[in-house]
Amino acid sequence: MGAGEQHEEPLDVVDLSNPNKAELAKAVRRACIDVGFFYLINHGIDQKLMDEVLVQSKRFFDLPTEEKMKVKFDKNHRGYTPMAEEHLDPENSTQGDSKEGYYIGWDVSADDPMASKPLHGPNQWPSEDVLPGWRTVMEKYYFEVLKLGHRVASLIALSLELRPDYFEKMFTVPMVVMRPLHYAAVHSSPQEGRFGSGAHSDYGLLTFLLTDENSGLQICKDKEAKPQVWQDVAPRRGAYIVNLGDMLERWTNGLYRSTLHRVVTKGVDRYSFPYFYEPNFDTLVECLPTCCSPTNPARYPPLTSGEHLLGKYHQTHTGFDVTAKPHGFENLPTKSENGAEISENGAEIS
Ligand SMILES: O=C(O)CCC(=O)C(=O)O
Ligand SMILES: [Fe+2]
(Lines give C-alpha, C1' and ligand atoms only; values in the text may rest on other atoms or scores of the structure.)
(Ligands and ions follow the chains in the order given, each with its own letter.)
Protein backbone atom coordinates (compact mmCIF):
# COMPACT_ATOMS: atom_id res chain seq x y z
CA MET A 1 0.00 0.00 0.00
CA GLY A 2 1.36 3.41 -0.99
CA ALA A 3 2.38 6.15 1.39
CA GLY A 4 -0.50 8.12 2.83
CA GLU A 5 -3.14 5.65 1.66
CA GLN A 6 -5.86 4.62 4.00
CA HIS A 7 -7.05 1.24 5.07
CA GLU A 8 -9.29 0.07 7.81
CA GLU A 9 -7.76 -0.46 11.21
CA PRO A 10 -9.24 -3.31 13.17
CA LEU A 11 -9.13 -2.07 16.74
CA ASP A 12 -8.80 -4.38 19.74
CA VAL A 13 -12.08 -5.22 21.41
CA VAL A 14 -12.43 -5.00 25.18
CA ASP A 15 -15.39 -7.04 26.40
CA LEU A 16 -16.58 -5.78 29.78
CA SER A 17 -18.64 -8.94 30.36
CA ASN A 18 -15.42 -10.87 30.97
CA PRO A 19 -15.47 -11.59 34.73
CA ASN A 20 -11.70 -12.06 34.79
CA LYS A 21 -10.44 -8.60 35.79
CA ALA A 22 -6.78 -9.48 35.33
CA GLU A 23 -7.42 -10.58 31.76
CA LEU A 24 -9.42 -7.44 31.09
CA ALA A 25 -6.71 -5.20 32.53
CA LYS A 26 -4.18 -6.94 30.30
CA ALA A 27 -6.33 -6.36 27.21
CA VAL A 28 -6.76 -2.69 28.15
CA ARG A 29 -3.03 -2.24 28.70
CA ARG A 30 -2.19 -3.74 25.33
CA ALA A 31 -4.70 -1.52 23.50
CA CYS A 32 -3.56 1.59 25.37
CA ILE A 33 0.11 0.98 24.58
CA ASP A 34 -0.40 -0.06 20.95
CA VAL A 35 -3.05 2.30 19.59
CA GLY A 36 -4.76 4.28 22.35
CA PHE A 37 -8.13 3.33 20.80
CA PHE A 38 -10.33 0.28 21.35
CA TYR A 39 -13.90 -0.88 20.92
CA LEU A 40 -15.73 -1.42 24.20
CA ILE A 41 -18.54 -3.98 24.12
CA ASN A 42 -20.97 -5.39 26.68
CA HIS A 43 -20.56 -2.18 28.63
CA GLY A 44 -24.04 -2.18 30.13
CA ILE A 45 -25.43 0.98 28.48
CA ASP A 46 -28.81 0.16 26.99
CA GLN A 47 -28.82 0.22 23.19
CA LYS A 48 -32.17 2.01 23.32
CA LEU A 49 -30.63 4.86 25.29
CA MET A 50 -27.68 5.05 22.88
CA ASP A 51 -30.10 5.27 19.95
CA GLU A 52 -32.29 7.77 21.76
CA VAL A 53 -29.50 10.29 22.46
CA LEU A 54 -28.63 10.32 18.77
CA VAL A 55 -32.29 10.90 17.86
CA GLN A 56 -32.54 13.72 20.41
CA SER A 57 -29.30 15.23 19.23
CA LYS A 58 -30.63 15.33 15.64
CA ARG A 59 -33.82 17.03 16.91
CA PHE A 60 -31.71 19.82 18.35
CA PHE A 61 -29.52 20.33 15.30
CA ASP A 62 -32.62 20.36 13.05
CA LEU A 63 -33.87 23.50 14.83
CA PRO A 64 -33.59 26.85 13.05
CA THR A 65 -30.26 28.58 13.68
CA GLU A 66 -32.02 31.38 15.52
CA GLU A 67 -33.41 28.90 18.05
CA LYS A 68 -30.04 27.19 18.51
CA MET A 69 -28.32 30.53 19.06
CA LYS A 70 -30.52 31.12 22.11
CA VAL A 71 -28.31 28.57 23.90
CA LYS A 72 -25.02 29.58 22.32
CA PHE A 73 -22.06 28.47 24.39
CA ASP A 74 -21.22 30.73 27.27
CA LYS A 75 -18.28 31.61 29.49
CA ASN A 76 -18.74 28.33 31.35
CA HIS A 77 -18.23 26.45 28.10
CA ARG A 78 -21.74 25.05 27.99
CA GLY A 79 -24.23 25.17 25.17
CA TYR A 80 -24.28 25.35 21.39
CA THR A 81 -21.18 25.77 19.23
CA PRO A 82 -22.17 26.82 15.68
CA MET A 83 -20.89 25.32 12.45
CA ALA A 84 -17.16 25.94 11.92
CA GLU A 85 -16.73 27.63 15.33
CA GLU A 86 -14.10 25.08 16.28
CA HIS A 87 -10.82 24.84 14.43
CA LEU A 88 -9.01 21.78 15.69
CA ASP A 89 -6.06 21.80 13.33
CA PRO A 90 -5.44 25.34 12.10
CA GLU A 91 -2.04 24.41 10.68
CA ASN A 92 -3.42 21.95 8.17
CA SER A 93 -6.91 23.27 7.51
CA THR A 94 -8.12 26.27 5.59
CA GLN A 95 -11.40 26.74 7.47
CA GLY A 96 -13.22 25.81 10.68
CA ASP A 97 -14.43 22.22 11.15
CA SER A 98 -17.67 21.44 9.26
CA LYS A 99 -19.57 20.54 12.39
CA GLU A 100 -21.77 22.05 15.08
CA GLY A 101 -21.96 20.81 18.65
CA TYR A 102 -23.48 21.23 22.08
CA TYR A 103 -21.52 21.08 25.35
CA ILE A 104 -23.20 19.56 28.41
CA GLY A 105 -21.13 19.28 31.56
CA TRP A 106 -21.41 18.74 35.29
CA ASP A 107 -24.28 20.93 36.38
CA VAL A 108 -22.98 23.41 38.97
CA SER A 109 -25.66 25.83 40.12
CA ALA A 110 -24.85 29.53 39.74
CA ASP A 111 -24.79 30.13 43.53
CA ASP A 112 -22.36 27.26 44.20
CA PRO A 113 -18.82 28.59 44.98
CA MET A 114 -17.51 26.06 42.44
CA ALA A 115 -19.33 28.02 39.73
CA SER A 116 -16.68 30.73 39.95
CA LYS A 117 -14.13 28.35 38.44
CA PRO A 118 -13.49 28.33 34.71
CA LEU A 119 -15.29 25.50 32.86
CA HIS A 120 -17.85 25.18 35.70
CA GLY A 121 -21.41 26.43 35.93
CA PRO A 122 -25.01 25.59 35.13
CA ASN A 123 -25.82 23.78 31.90
CA GLN A 124 -27.88 25.53 29.26
CA TRP A 125 -30.95 23.73 27.96
CA PRO A 126 -33.19 24.31 24.99
CA SER A 127 -36.67 25.32 26.07
CA GLU A 128 -38.98 22.44 27.08
CA ASP A 129 -41.62 23.97 24.80
CA VAL A 130 -39.32 23.60 21.84
CA LEU A 131 -37.75 20.24 22.67
CA PRO A 132 -39.84 18.48 25.32
CA GLY A 133 -37.97 15.72 27.13
CA TRP A 134 -34.59 16.63 25.64
CA ARG A 135 -32.95 17.51 28.93
CA THR A 136 -34.22 14.36 30.66
CA VAL A 137 -32.70 12.05 28.04
CA MET A 138 -29.41 13.95 28.02
CA GLU A 139 -29.11 13.90 31.81
CA LYS A 140 -29.94 10.20 31.97
CA TYR A 141 -27.24 9.45 29.45
CA TYR A 142 -24.74 11.71 31.24
CA PHE A 143 -25.06 9.78 34.49
CA GLU A 144 -25.18 6.31 32.91
CA VAL A 145 -21.97 6.88 31.01
CA LEU A 146 -20.41 8.45 34.10
CA LYS A 147 -20.81 5.10 35.87
CA LEU A 148 -19.27 3.37 32.89
CA GLY A 149 -16.40 5.87 32.99
CA HIS A 150 -15.73 4.91 36.61
CA ARG A 151 -15.64 1.21 35.68
CA VAL A 152 -13.19 1.77 32.85
CA ALA A 153 -11.05 4.16 34.92
CA SER A 154 -10.79 1.43 37.51
CA LEU A 155 -9.62 -1.00 34.82
CA ILE A 156 -7.09 1.55 33.60
CA ALA A 157 -5.79 1.80 37.18
CA LEU A 158 -5.51 -1.99 37.41
CA SER A 159 -3.78 -2.10 34.04
CA LEU A 160 -1.16 0.29 35.47
CA GLU A 161 -0.72 -1.81 38.62
CA LEU A 162 -2.48 0.78 40.74
CA ARG A 163 -5.32 0.24 43.19
CA PRO A 164 -8.63 -0.10 41.34
CA ASP A 165 -10.00 2.99 43.12
CA TYR A 166 -6.95 5.13 42.28
CA PHE A 167 -8.87 7.67 40.20
CA GLU A 168 -12.09 7.60 42.23
CA LYS A 169 -11.43 10.56 44.53
CA MET A 170 -10.65 12.71 41.48
CA PHE A 171 -14.24 12.62 40.28
CA THR A 172 -16.22 14.45 42.96
CA VAL A 173 -16.90 17.56 40.83
CA PRO A 174 -15.55 16.27 37.56
CA MET A 175 -15.12 18.16 34.33
CA VAL A 176 -16.94 15.39 32.49
CA VAL A 177 -18.41 16.87 29.33
CA MET A 178 -20.49 15.31 26.62
CA ARG A 179 -20.94 16.82 23.24
CA PRO A 180 -23.49 15.84 20.64
CA LEU A 181 -22.05 16.66 17.22
CA HIS A 182 -23.56 17.12 13.79
CA TYR A 183 -21.32 17.04 10.74
CA ALA A 184 -22.60 18.82 7.64
CA ALA A 185 -23.33 16.75 4.53
CA VAL A 186 -20.24 17.95 2.71
CA HIS A 187 -17.19 16.18 1.36
CA SER A 188 -14.08 16.84 3.40
CA SER A 189 -10.92 17.24 1.39
CA PRO A 190 -7.68 16.62 3.27
CA GLN A 191 -5.74 17.86 0.19
CA GLU A 192 -7.57 21.18 0.30
CA GLY A 193 -7.54 21.44 4.08
CA ARG A 194 -11.26 20.83 4.67
CA PHE A 195 -12.24 18.53 7.52
CA GLY A 196 -15.24 17.49 9.59
CA SER A 197 -12.85 17.53 12.54
CA GLY A 198 -9.26 18.52 12.00
CA ALA A 199 -6.50 16.27 13.29
CA HIS A 200 -6.21 16.36 17.07
CA SER A 201 -5.75 14.19 20.09
CA ASP A 202 -8.31 14.42 22.85
CA TYR A 203 -7.43 16.53 25.82
CA GLY A 204 -8.37 14.66 28.92
CA LEU A 205 -8.41 11.20 30.41
CA LEU A 206 -10.81 9.01 28.40
CA THR A 207 -13.33 9.53 25.61
CA PHE A 208 -16.35 7.30 25.03
CA LEU A 209 -17.41 7.89 21.45
CA LEU A 210 -20.81 6.90 20.14
CA THR A 211 -21.38 7.36 16.41
CA ASP A 212 -24.14 6.75 13.92
CA GLU A 213 -23.60 4.25 11.10
CA ASN A 214 -21.64 6.68 8.92
CA SER A 215 -17.90 6.26 8.72
CA GLY A 216 -15.55 9.21 8.82
CA LEU A 217 -13.33 8.73 11.86
CA GLN A 218 -9.68 8.14 11.02
CA ILE A 219 -6.62 7.60 13.20
CA CYS A 220 -2.95 8.20 12.60
CA LYS A 221 -0.86 5.88 14.74
CA ASP A 222 2.45 7.59 14.11
CA LYS A 223 2.14 11.35 14.12
CA GLU A 224 5.82 11.79 13.24
CA ALA A 225 5.57 9.68 10.03
CA LYS A 226 6.00 11.63 6.80
CA PRO A 227 3.60 11.47 5.12
CA GLN A 228 1.15 10.59 7.84
CA VAL A 229 -0.85 7.41 7.26
CA TRP A 230 -4.55 7.66 8.11
CA GLN A 231 -6.65 4.58 8.79
CA ASP A 232 -10.43 4.37 8.93
CA VAL A 233 -12.10 3.27 12.14
CA ALA A 234 -15.42 1.68 11.25
CA PRO A 235 -18.50 2.44 13.32
CA ARG A 236 -19.62 -0.60 15.28
CA ARG A 237 -23.22 -0.66 16.45
CA GLY A 238 -23.57 -1.17 20.17
CA ALA A 239 -19.90 -0.54 20.90
CA TYR A 240 -18.16 2.54 22.18
CA ILE A 241 -14.97 3.64 20.53
CA VAL A 242 -12.84 4.46 23.54
CA ASN A 243 -9.73 6.54 23.20
CA LEU A 244 -7.23 8.09 25.56
CA GLY A 245 -6.55 11.78 25.94
CA ASP A 246 -3.36 13.79 26.40
CA MET A 247 -3.85 13.95 30.15
CA LEU A 248 -3.53 10.17 30.44
CA GLU A 249 -0.54 10.10 28.11
CA ARG A 250 1.09 12.68 30.34
CA TRP A 251 0.07 10.89 33.54
CA THR A 252 1.59 7.63 32.27
CA ASN A 253 4.81 9.32 31.14
CA GLY A 254 4.02 8.55 27.52
CA LEU A 255 3.37 4.84 28.07
CA TYR A 256 -0.30 5.05 27.09
CA ARG A 257 -1.07 6.78 23.84
CA SER A 258 -3.25 9.69 23.01
CA THR A 259 -3.54 9.06 19.30
CA LEU A 260 -4.10 11.64 16.59
CA HIS A 261 -7.50 11.36 14.91
CA ARG A 262 -9.75 13.35 12.58
CA VAL A 263 -13.09 13.14 10.81
CA VAL A 264 -13.35 13.12 7.03
CA THR A 265 -16.98 13.50 5.96
CA LYS A 266 -18.40 11.83 2.86
CA GLY A 267 -21.22 14.11 1.71
CA VAL A 268 -23.83 12.83 4.18
CA ASP A 269 -24.93 14.22 7.51
CA ARG A 270 -23.15 12.44 10.32
CA TYR A 271 -24.01 12.44 14.02
CA SER A 272 -21.61 11.45 16.74
CA PHE A 273 -21.62 11.84 20.48
CA PRO A 274 -18.28 12.00 22.28
CA TYR A 275 -18.29 11.80 26.06
CA PHE A 276 -15.16 13.24 27.64
CA TYR A 277 -14.42 11.71 31.02
CA GLU A 278 -12.21 14.25 32.83
CA PRO A 279 -11.32 14.60 36.52
CA ASN A 280 -11.86 17.49 38.94
CA PHE A 281 -10.36 20.87 38.09
CA ASP A 282 -7.77 20.71 40.89
CA THR A 283 -6.56 17.16 40.23
CA LEU A 284 -2.80 17.12 39.98
CA VAL A 285 -1.61 15.36 36.86
CA GLU A 286 1.79 14.13 37.89
CA CYS A 287 3.63 11.05 36.61
CA LEU A 288 2.02 7.93 38.11
CA PRO A 289 4.25 6.04 40.55
CA THR A 290 4.23 2.93 38.36
CA CYS A 291 5.22 4.86 35.22
CA CYS A 292 8.53 6.36 36.26
CA SER A 293 11.76 5.10 37.81
CA PRO A 294 15.35 6.32 38.18
CA THR A 295 16.02 5.08 34.64
CA ASN A 296 12.73 6.43 33.31
CA PRO A 297 12.26 9.80 35.03
CA ALA A 298 9.12 11.91 34.66
CA ARG A 299 9.14 13.68 31.29
CA TYR A 300 6.49 16.30 32.06
CA PRO A 301 6.19 18.76 34.93
CA PRO A 302 3.08 18.34 37.09
CA LEU A 303 0.09 20.52 36.31
CA THR A 304 -3.56 20.55 37.25
CA SER A 305 -6.29 19.05 35.16
CA GLY A 306 -7.98 22.46 34.94
CA GLU A 307 -4.86 24.21 33.75
CA HIS A 308 -4.35 21.52 31.13
CA LEU A 309 -7.93 21.63 29.79
CA LEU A 310 -8.19 25.41 29.79
CA GLY A 311 -5.09 25.65 27.65
CA LYS A 312 -6.53 23.14 25.19
CA TYR A 313 -9.91 24.84 24.82
CA HIS A 314 -8.21 28.18 24.49
CA GLN A 315 -6.27 26.97 21.46
CA THR A 316 -9.14 25.49 19.49
CA HIS A 317 -12.33 27.46 20.15
CA THR A 318 -12.45 30.81 18.44
CA GLY A 319 -15.24 31.97 20.74
CA PHE A 320 -13.82 30.80 24.07
CA ASP A 321 -12.50 33.60 26.23
CA VAL A 322 -10.10 32.03 28.66
CA THR A 323 -9.98 35.22 30.71
CA ALA A 324 -13.77 35.33 31.24
CA LYS A 325 -13.29 33.80 34.69
CA PRO A 326 -10.21 34.25 36.87
CA HIS A 327 -8.10 31.12 37.03
CA GLY A 328 -4.70 32.18 38.34
CA PHE A 329 -2.72 30.31 35.68
CA GLU A 330 -0.18 32.44 33.90
CA ASN A 331 1.39 29.61 31.98
CA LEU A 332 -1.38 28.31 29.77
CA PRO A 333 0.13 26.28 26.96
CA THR A 334 0.76 28.06 23.70
CA LYS A 335 1.92 26.68 20.38
CA SER A 336 5.64 26.60 19.61
CA GLU A 337 6.85 27.22 16.09
CA ASN A 338 6.89 23.54 15.17
CA GLY A 339 3.34 23.14 16.47
CA ALA A 340 4.33 21.35 19.67
CA GLU A 341 2.84 22.79 22.79
CA ILE A 342 5.02 24.43 25.36
CA SER A 343 4.26 25.87 28.73
CA GLU A 344 5.95 29.02 29.89
CA ASN A 345 8.61 27.12 31.79
CA GLY A 346 9.72 25.88 28.35
CA ALA A 347 8.80 22.23 28.81
CA GLU A 348 7.29 20.59 25.78
CA ILE A 349 4.04 18.94 26.69
CA SER A 350 1.92 16.33 25.03
O1 LIG B 1 -17.06 12.42 15.52
C2 LIG B 1 -16.16 11.63 15.70
O3 LIG B 1 -16.16 10.48 15.23
C4 LIG B 1 -14.94 12.04 16.51
C5 LIG B 1 -15.13 13.29 17.32
C6 LIG B 1 -13.90 13.68 18.05
O7 LIG B 1 -12.84 13.17 17.82
C8 LIG B 1 -13.96 14.69 19.12
O9 LIG B 1 -14.98 15.40 19.24
O10 LIG B 1 -12.98 14.81 19.88
FE1 LIG C 1 -11.44 13.59 19.37
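Please refer to the structure placed before this passage.
Computed from a predicted structure; not experimentally measured.

**Structural notes on the site of ligand 1**
For ligand 1, the full set of nearby residues is Leu181, Ser197, Asp202, Leu209, Thr211, Leu217, His261, Val263, Ser272 and Pro274. Residues belonging to the shell around ligand 1 are distributed by class as follows: five nonpolar, four polar and one charged.

**Some remarks on the environment of Met175**
Here Met175 shows up in the loop between helix H4 (134-159) and strand S5 (177-178). Met175 sits in the buried class, given 26 other C-beta atoms within 10 Å. It is 6.4 Å that separates the C-alpha atoms of Met175 and Trp106, two residues lying 69 residues apart in sequence. When near neighbours in sequence (up to four residues on either side) are disregarded, Met175 contacts Gly105, Trp106, Leu119, Glu278, Pro279, Phe281, Ser305 and Leu309.

**Re the packing of helix H2 (residues 47-61) against H4**
Orientation of H2 relative to H4, taken along the N-to-C sense of each, is 135°, at an axis distance of 10 Å. Between H2 and H4, the angle is such that the two are oblique. Pair H2 / H4 crosses with left-handed handedness. Seen from H2, the contacting residues are Leu49, Glu52, Val53, Gln56, Arg59 and Phe60; seen from H4, they are Trp134, Val137, Met138, Lys140, Tyr141 and Glu144.

**Describing the nonpolar core**
Counting 70 residues, the largest nonpolar core has Phe38, Leu206, Phe208, Tyr240, Ile241 and Val242 as the members making the most contacts within it. Top contributing element to this core by residue count: H4, with eight residues.

**Regarding the sheet that holds strand S10 (residues 231-232)**
The four strands are arranged S7-S12-S9-S10 in an open sheet whose pairing can be described as antiparallel. The open sheet has two edge strands with one neighbour each: strand S7 (197-200) and S10. Examined bridge by bridge, S7 and strand S12 (residues 260-263) share two bridges and lie antiparallel to one another. Counterpart to His200 in the pairing with S12 is His261.

**Thoughts on H2**
Here H2 spans 22 Å end to end across 15 residues, near enough to the 21 Å set by a 1.5 Å rise per residue. Every buried residue belonging to H2 is among Val53, Ser57, Phe60 and Phe61, and all of these are buried. One side of H2 carries all its buried residues, which in axial view fall inside an arc of 90°. Facing away from the buried side of H2 by over 90 degrees, the exposed positions are Gln47, Lys48 and Val55. The secondary structure elements touched by the buried residues of H2 are strand S4 (99-103), H4, strand S6 (181-183) and strand S13 (270-277).

**Description of the pairing of S13**
The buried count for S13 comes to eight of eight residues, which makes it a mostly enclosed element. Neither face of S13 is open: one carries Arg270, Ser272, Pro274 and Phe276, the other Tyr271, Phe273, Tyr275 and Tyr277, and all of them are buried. Pairing of S5 with S13, which is carried by two bridges, proceeds in the antiparallel orientation. Counterpart to Val177 in the pairing with S13 is Phe276. Note that S6 and S13 share three bridges and pair antiparallel. Each residue of the ladder has a partner; that of Leu181, found in S13, is Ser272. Pairing between strand S8 (residues 206-211) and S13: six bridges, direction antiparallel. Bridge assignment links Leu210 to a residue of S13, and that residue is Phe273.

Cut-offs and rules
- Residues numbered from 1 in each chain as written.
- Chains lettered and ligands numbered in written order.
- Predicted model: local features only at pLDDT ≥ 70, side-chain atom pairs only at ≥ 80, totals over all residues.
- Near = placed C-beta within 6 Å.
- Nonpolar A, V, L, I, M, F, W, Y, C, P; charged D, E, K, R; others polar.
- Helix = DSSP H or I, 4+ residues; strand = E, 2+ residues; numbered from the N terminus.
- Buried ≥ 20, exposed ≤ 12 C-beta atoms within 10 Å, placed from the backbone.
- Contact = placed C-beta atoms within 7 Å.
- Axes fitted to C-alpha atoms, helices over the stretch in contact; angles between N-to-C directions.
- Parallel < 35°, antiparallel > 145°, perpendicular 65-115°, else oblique.
- Left-handed = near helix turned anticlockwise from the far one by under 90°.
- Core = buried A, V, L, I, M, F, W, Y, C linked by C-beta atoms within 7 Å.
- Pairing = 2+ DSSP bridges.
- Expected span 1.5 Å × (residues − 1).
- Arc of directions from axis to C-beta.

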